[in-house]
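One-letter residues, chain by chain:
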Amino acid sequence: MQDFLQLASERYSVRKYADKQIENEKLEKILKAAQIAPTGNNFQPQRVFVIESKEALEKVRSFTPYCFNAPLVLLICYDKNVSWKTVDGHDAGLDDAVIATTQMMLEAYDLGIGSVWVRGYDKRVLDELFELPENLVSVALLPIGYPSEKSKPSPLHSRNVSMDEMVKYI
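Residues numbered from 1 in each chain as written. Predicted model: local features only at pLDDT ≥ 70, side-chain atom pairs only at ≥ 80, totals over all residues. Heavy atoms only, no water.

Quick notes on helix α2 (residues 24–35)
Next, step 1: Given a rise of 1.5 Å per residue, 12 residues ought to cover 16 Å, and the 16 Å separating the end C-alpha atoms of α2 matches this to within 8%.
Next, step 2: Residues of α2 that are buried: L27, I30, A33 and A34. Taken down its axis, α2 places every buried residue within 110° of arc, on the same side. With respect to the buried face of α2, the exposed residues turned more than 90 degrees away are N24, E25 and E28.
Next, step 3: Here the buried face of α2 lies against β1 (46–51), β2 (72–79), α4 (93–110) and β4 (136–145). (Helix = DSSP H or I, 4+ residues; strand = E, 2+ residues; numbered from the N terminus. Expected span 1.5 Å × (residues − 1). Buried < 20%, exposed > 50% of the residue type's maximum accessible area, 1.4 Å probe, protein only. Arc of directions from axis to C-beta. Contact = heavy atoms within 4.5 Å.)

This is the structure in structure tokens:
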């Protein structure tokens, strides 16, 4: 088993994909990572659409260039009718979807599959093209696939703020 901090630090945003399909068993493991993600009050509002047909992929590519020709794109949403609302009215659905997406990214990397978090698109266009019902809130696209031989981390990948800047003990 790989050390978690090593896995998390080595994972990077893949923007060049090989022309190779993801095996169903591996896709199921990636989706399982979203299913078991911790959520507010364990209400599990995360919803994932697997965009794999040629038509659906063309639809995605029509409104964002940031899918980088990945063989598969996951559309992550949350159901606002299901998500937990905090005492002060905060909708934890966004938080839950973010956690689920992060877990899928890490599971994918552990399986040798690359991903990149995408929010570079007009959410209204996505919602309309995929005819999302009003109760579903789209959060991100997650293109996934095997990295091409030309894929490499961004020069900024290993840049981190210092622990003193990030952490304060009170």
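Overview of α4
Next, step 1: Helix length check: α4, at 18 residues, gives a terminal C-alpha distance of 26 Å against a target of 26 Å (1.5 Å per residue), a fit within 8%.
Next, step 2: Buried residues of α4: G93, D96, A97, A100, T101, M104, M105, L106 and A108, and no others.
Next, step 3: If you follow the buried residues of α4, they end up packed against α1 (4–10), α2, β1, β2, β3 (114–115) and β4.

Brief notes about the state of the cysteines
Next, step 1: The tally for this structure, following the rule as stated, stands at 0 disulfides.
Next, step 2: Here C67 stays unpaired: no disulfide links it, and the sulfur of C77, its closest cysteine neighbor, is 14 Å away. (Disulfide = S-S within 2.5 Å.)

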